[in-house]
Amino acid sequence: MSDTDLFKLYSSRILALAADIPHTEPLPAPTHKANRRAPLCGSTVTVELTFDGTRITGYSQQVHACALGQASASIFGANVIGRSPAEVERLRDELAAMLKGGPVPSAPFADYEVLLAARDYSNRHASILLAPQATLDALNAG
């Protein structure tokens, strides 16, 4: 990877998102919890959430990932509260498609546009998908 490629991939916006991950404090009484690991790079995300049966009402995340995984968790965490499982699943699918050349995810997750430069780095895709996938794992484990 050239210096120019690194600069494109790790833009100041990505680094700012990675440095400001929301909802990192544990929830007092989570109803759902899951941990997800990206096997290729070793990144992990643990999520705790509260769920009222239709919507996510509380969210906490512990993120140990590269800057791209952290930026993804930042975008996801800023928008996940109030979402239904179907909306999280749609985001996960749209994000995976974006990383393979598709359009940017729909609102409220359009900020994932910042990660378009990661398309060319398939070894980072699993890390980028960790937060939404861990959230789905938690919801499915119920």
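The structure we're discussing is the one just above.
Conventions we followed
Residues numbered from 1 in each chain as written. Predicted model: local features only at pLDDT ≥ 70, side-chain atom pairs only at ≥ 80, totals over all residues. Heavy atoms only, no water. Axes fitted to C-alpha atoms, helices over the stretch in contact; angles between N-to-C directions. Helix = DSSP H or I, 4+ residues; strand = E, 2+ residues; numbered from the N terminus. Left-handed = near helix turned anticlockwise from the far one by under 90°. Contact = heavy atoms within 4.5 Å. Nonpolar A, V, L, I, M, F, W, Y, C, P; charged D, E, K, R; others polar. Disulfide = S-S within 2.5 Å. Buried < 20%, exposed > 50% of the residue type's maximum accessible area, 1.4 Å probe, protein only. Expected span 1.5 Å × (residues − 1). Polar contact = N/O pair within 3.5 Å; in protein donor to acceptor, adjacent residues only side chain to side chain.

Visitor: Can you tell me about the packing of helix α4 (residues 85-99) against helix α6 (residues 130-141), naming the residues and giving the values?
Guide: Between α4 and α6, the least distance of the axes is 9 Å, while the angle of their chain directions is 145°. For the element pair α4 and α6, the recorded crossing hand is left-handed. Of the residues in α6, those in contact with Pro 85, Val 88, Glu 89, Leu 91, Arg 92 and Leu 95 of α4 are Pro 132, Gln 133, Thr 135, Leu 136 and Leu 139. Along the lines of polarity and charge, the residues of the contact of α4 with α6 split into 7 nonpolar, 2 polar and 2 charged.

Visitor: Please set out the state of the cysteines residue by residue, giving values where relevant.
Guide: Taken as a whole, this structure holds 0 disulfides when the rule is applied. Looking at the unpaired Cys 41, the closest cysteine sulfur is the one in Cys 66, lying at 5.6 Å. Given the relative accessible area of 15%, Cys 66 is considered buried.

Visitor: Run through α6, naming residues and quoting values.
Guide: For α6, spanning 12 residues, the distance from its first C-alpha to its last is 16 Å, which sits close to the expected 16 Å at 1.5 Å a residue. Where burial is concerned, most of α6 is hidden: 9 out of the 12 residues are buried. Every buried residue of α6 is listed here: Leu 130, Ala 131, Pro 132, Gln 133, Ala 134, Thr 135, Leu 136, Ala 138 and Leu 139. Here the buried face of α6 lies against β1 (32-37), β2 (44-51), β3 (56-64), α3 (67-79), α4 and α5 (125-128).

Visitor: Lay out the side chain of Ser 60 with the relevant residues and their values.
Guide: Structurally, Ser 60 can be placed in strand β3. Within the local environment of Ser 60, its side chain forms a polar contact with the backbone oxygen of Glu 25, the two atoms lying 2.7 Å apart. If near-sequence neighbours (up to four positions away) are discounted, Ser 60 is found in contact with His 23, Thr 24, Glu 25, Pro 26, Leu 27, Thr 46, Val 47 and Glu 48.

Just geometry here; none of it tells us what the structure is for.
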